[in-house]
Amino acid sequence: MTRHLLAASIASALLLTAGCTKSIESKSNTAQVAEQQISSLEQQARVRLKQLETMMNDARAKGIDVTREETIVWFSEQFLKFANWDEANPETLEKAFGYERYYAKDKVRLAAELPDFERKKVIQILDKGINILGQELRGEIKRRPVNKVDWQGTKSGDNMFVSNGKPIFPYDYFSKTVGQPLTNTDVYNDHLGALYHGGENLYPVDHDRAINSFLLKEDGTFDQELMQELTNIPDTNIGFLVYWIMGIPEWVEEKEPEVRKGRSLFTGFDIDNPLARKLWSKIIRRTGELTKGKKVTELGFVLANEPHWYAEKNHWTHNFQEMTSISSYTLNKFRSWLDRKYANDIAKLNGNWQSEFKNFDEVEIEIPIDPALQGKPIWYDWTRYNMDRSTDWFTFMQSELHAVNPDADTHIKIMPRMFMDNARSGGIDTEALAELTTMVGHDAKSFGSKNIRPGKSSEWLEKYSYHWGLVAMFHDFMESVAPDKINVNSESHFLSSGQWRDLDTRTSYVRSVYWLATLLGMDANMGWFWARDPDGSPEDRLEGELNFFDPGLGGAYAGSNNMQPHVTNEVTQVMYDLNSFSEEIVALREQRRPLRFFYSETTAINIDDYMSQSYKLYESMFFEGFPLGFATKNIIQKQDNSSWDVIVVYRNNFVTDAEFETLQSYLDSGGTIILDTQKALSLNEYGQKRTKRLDSGKGKLITIGTTDIAEIKQAALAEIKDSSKPDVIIKEDNQLGHKTTMWRTISQPDGSYLVNILNVGHNTAKLKLSLHNNQPVSVQNMMTGNSMDATFELPSEGVLLLEVKAQ
């Protein structure tokens, strides 16, 4: 990075000269004007910096917390430095923009405009900081002091992280400035987060503190140089470790020619291969022993990065040569699975598959499988097996770790699409994996603006300012399955992703989406991604010999938070506020979920629109002021059924006998079920008609006779007990034909009510707040300490945390 430091120094010197000299003979008038403008913007920012720092000194003298302003100052200094580096290195920026096809045609213009854009955004965050601190200095508002993350002493509790006796929400960036030492306080600090990472490397080689396949040599010994990348992690800060299973050594391929059959992008080998399992057994056990009790494991071991095994023809993952065939090991395990499933009755399988196999050892299947077979028994059997075999792999991984380190926490970076999308050919049973690991893991995302990929839908923009549903429905499902587990988003794509980014992303969106995710269960998040070295240059993976600009991380850098001082600052600001009100947030989210949607993996496997249609029903219920949840066979069997009032069965025609009997048992115990039509639950997993029908038993069984969402919603709300309904009611007028304001409320020991409100619509919402008994109320904005009227306006993407008292 020496060359970058030199370039930045030269750029700074040129700027200083431009500010002090009226003319430079060797430069054109155009260049002079541009340079003076640049210098002027930086000077404007530095005047504001000085003003804010003076105000901070005044605030400290009055005992006012200035943690938020310290972060504004830090990011301002950093991005002014970054802007100078970017100005001095336009060819690097052009390369970055060029690798993202959305920006490629404008790469020269964007590279030229970026430095000023960054400076202007710095000025904006400084102006906002000056304004807010000024209000506090004048006594117009009173903010709660920031509850900082204790990066050294935070502990994982039963279902939350705890710091200084209070809940805490750790934050950081996944894939963070690889190559920089963990002790570098320009990278690991309160502003960016200070979680120590192990094994965070990406594309396409394994390096940098990685727990990977190359740790074990052919002779059975460990590569001590690589192992030191793990053992040398200082035992000072909390963090997480990643088992990076993307690659496989050549010596394994030589011994096992099939080892890459059935691979996927981030799982570079056949998970059914016995030598691969033997290799990873030794690696997991040894690394588990070496890191036992270390702080870097406080946020757990990530067992895999975005695992998936899409096995249907013409799936986009086949462009990466994923799952284009299966190994003999996978086939033989499938045969054994079928033998157990069909109780050794080959005639029954032949009847289902319309085949003529003599025995299970002769069973064959074409992989990738033809999606035209969806709804047929062969599709169900393979898809269900593909899920079961991946669950078996992760069970193996966790068992090996717990054999040597029984207290080690685990989670898996599950892509939300594995649940939210209609496709079920990817080999991931989201519920089973959430049940398996000791923490819930994922990389939940949202869309802050339109999908930038041609032909991709942005339908949600017609009604809402961002795609809140991707966050909400996924979190509500995971929290329903595992309500007592810590929820870790180990690669949050709230700021950008492969399908969306917006250089001028709204800070109101950033605040709203992080608040929403945390309110709905997220305990820790590591954002995607931080790739600036302290001098402003892109980190090693983005340039130089590794040439990661093409095709890996380079496209991700363009238009990301690495170019957005306003966005990066806002992430930390909203996490400060969430942590300052952590006890209130936890209280709000630890409520009963009175309405449950029945979810069946069986139906999801068999039809092609289960999730998209289920989402519409979920969306219709989301804005009623109480938490939503899901019920499955396992949830009903394992959890307290008094945790909900009613289960809605919507578009669930295909269920196993075990699922059907569980619902009947729930009714027999006094439960309430709403069915959409008489066809509900009428078929087994193979599409064969079920002769049994649900009986009300000791409970209540309601059949609506339609799949109309409005009618089902009306019937479901009628079954919600009065005690489950929100004590605080909000009436909304947003000039639209649909609701956009979500709220959660809970009573407090002193008789007051805590109310959290978010407006996810495009318009300002006029809101009227009242108690369910229509008593008059007093309202206080907890974030400012100021009183409010019970009737007020909430702008698009506005967030409020209120204390409400009956008068």
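Everything below is about the structure printed above this text.
Presented here is a report on the structure given in the accompanying data block. In this numbering scheme, every chain counts its residues from 1 along its sequence in written order. A pLDDT threshold of at least 70 governs which residues receive local features in this predicted model, and a stricter bar of 80 or more applies before side-chain atom pairs are shown or counted, although totals over entire chains, interfaces and linings include all residues. Hydrogens and water are ignored here; the side-chain numbers use all heavy atoms of the structure.

## Thoughts on unusual backbone geometry
The following threshold applies: Numbered from the N terminus, helices here are DSSP runs of H or I no shorter than four residues, and strands are runs of E no shorter than two.
Following Ile367, the chain continues into Pro368 via a peptide bond in cis, with omega recorded as 5°. With respect to the helices and strands, the residue Pro368 is situated in the loop between α10 (346-353) and α11 (377-404). In this model, Trp528 is joined to Phe529 through a cis peptide bond whose omega is -15°. Structurally, Phe529 can be placed in strand β12 (residues 524-530). The backbone phi angle of Ser175 is positive, close to 60°, even though this residue is not glycine. Along the polypeptide, Ser175 turns up in strand β4 (residues 171-176). Look at Asn344: it is not a glycine, yet its phi comes out positive at around 65°. Locating Asn344 in the fold gives a position in the loop between α9 (328-341) and α10.

## Some remarks on the environment of Val47
Assignment of secondary structure puts Val47 in helix α2 (residues 29-61). For the pair Val47 and Tyr557, spaced 510 residues apart in sequence, the C-alpha separation works out to 30 Å.

## Examining the sheet that holds strand β2 (residues 161-163)
Heads up, the rule is: If DSSP finds at least two bridges between two strands, the strands pair.
With antiparallel pairing, three strands are arranged side by side in an open sheet as β1-β2-β3. Each edge of the open sheet is held by one strand with a lone partner, namely β1 (155-156) and β3 (166-168). Bridge analysis of β1 against β2 gives two bridges, and the strand direction is antiparallel. By the bridge assignment for β2, Lys155 is matched with Val162.

## Focus on helix α18 (residues 582-589)
Along an α-helix, a turn takes 3.6 residues, which lines up residues three or four apart on a common side. What counts is decided by this rule: With a 1.4 Å probe rolled over the protein chains alone, any residue whose accessible area is under 20% of its type maximum counts as buried; one over 50% counts as exposed, and the rest are partly exposed. What makes two residues a contact is simply this: any of their non-hydrogen atoms within 4.5 Å.
Of all eight residues in α18, six are buried; the element is thus mostly enclosed. Among all positions in α18, only Ser582, Glu584, Ile585, Val586, Leu588 and Arg589 are buried. The inward-facing, buried residues of α18 abut β3, α15 (507-519), α17 (565-580), β19 (741-747), β20 (753-759) and β25 (799-806).

## Some remarks on the pattern of salt bridges
Keep this limit in mind: For this document, the term salt bridge refers to a Lys or Arg side-chain nitrogen within 4 Å of an Asp or Glu carboxyl oxygen.
Taken as a whole and judged by the stated rule, the model has 51 salt bridges. A salt bridge links Arg143 to Glu69, with the shortest nitrogen-to-oxygen separation between them at 2.9 Å. Pair noted here: Arg143 is in the loop between α5 (107-137) and β1 and Glu69 is in helix α3 (residues 67-88), with a separation of 74 residues, a long-range link. For Arg143, a relative accessible area of 10% puts it in the buried group.

## Focus: the pairing of β20
In the case of a regular strand, side chains alternate between the two sheet surfaces. Judged by how many residues are buried, β20 sits mostly within the fold: seven of seven residues are covered. Alternating positions in β20 separate into two faces, Tyr753, Val755, Ile757 and Asn759 on one and Leu754, Asn756 and Leu758 on the other, with burial throughout. Where β19 and β20 come together, seven bridges link them in antiparallel fashion. Bridge pairing in β20 links Thr745 to Val755. Sheet topology places β20 next to β25; six bridges connect them, and they run antiparallel. Of the residues in β25, the one forming a bridge with Ile757 is Leu800.

## Regarding the environment of Phe626
When you line up the elements, Phe626 lands in the loop between α20 (610-621) and β14 (628-631). For the pair formed by Phe626 and Arg744, sequence separation is 118 residues and the distance between their alpha carbons is 6.0 Å. Excluding its chain neighbours within four sequence positions, the residues that come into contact with Phe626 are Pro594, Leu595, Leu717, Ile720, Ser724, Pro726, Trp743 and Arg744.

## A short note on the side chain of Asn634
Among the secondary structure elements, Asn634 is positioned in helix α21 (residues 633-638). The contact partners of Asn634, leaving out residues within four places of it in the chain, are Glu431, Glu435 and Gln639.

## Observations regarding the packing of aromatic side chains
Definition in use: For this analysis, a ring pair means two rings from Phe, Tyr or Trp (six-membered ring only for Trp) whose centres lie within 6.5 Å, classed as stacked if their planes differ by under 30 degrees, edge-to-face if by over 60, and tilted for the remaining angles. Any Lys NZ or Arg CZ that is within 6 Å of a ring centre and within 35 degrees of that ring's normal is treated as a charge sitting over the ring.
As enumerated under the stated definition, the model contains 48 aromatic pairs in all. Ring geometry for Trp393 and Phe396: centres 5.3 Å apart, planes at 35°, overall tilted. Placement of both Trp393 and Phe396 in helix α11 is noted, with a separation of three residues, approximately one turn of the helix. A single burial state applies to Trp393 and to Phe396, both of which are buried. Taking NZ or CZ as reference, Lys413 lies 3.5 Å from the ring centre of Phe174, over its face.

## Quick look at the pairing of strand β13 (residues 595-598)
Neither face of β13 is open: one carries Leu595 and Phe597, the other Arg596 and Phe598, and all of them are buried. When β13 meets β14, the two strands line up parallel, connected through four bridges. The partner of Phe598 across the bridge, within β14, is Ala631. With three bridges connecting them, β13 and strand β15 (residues 646-649) associate as parallel partners. If you follow Leu595 over to β15, its bridge partner there is Val646.

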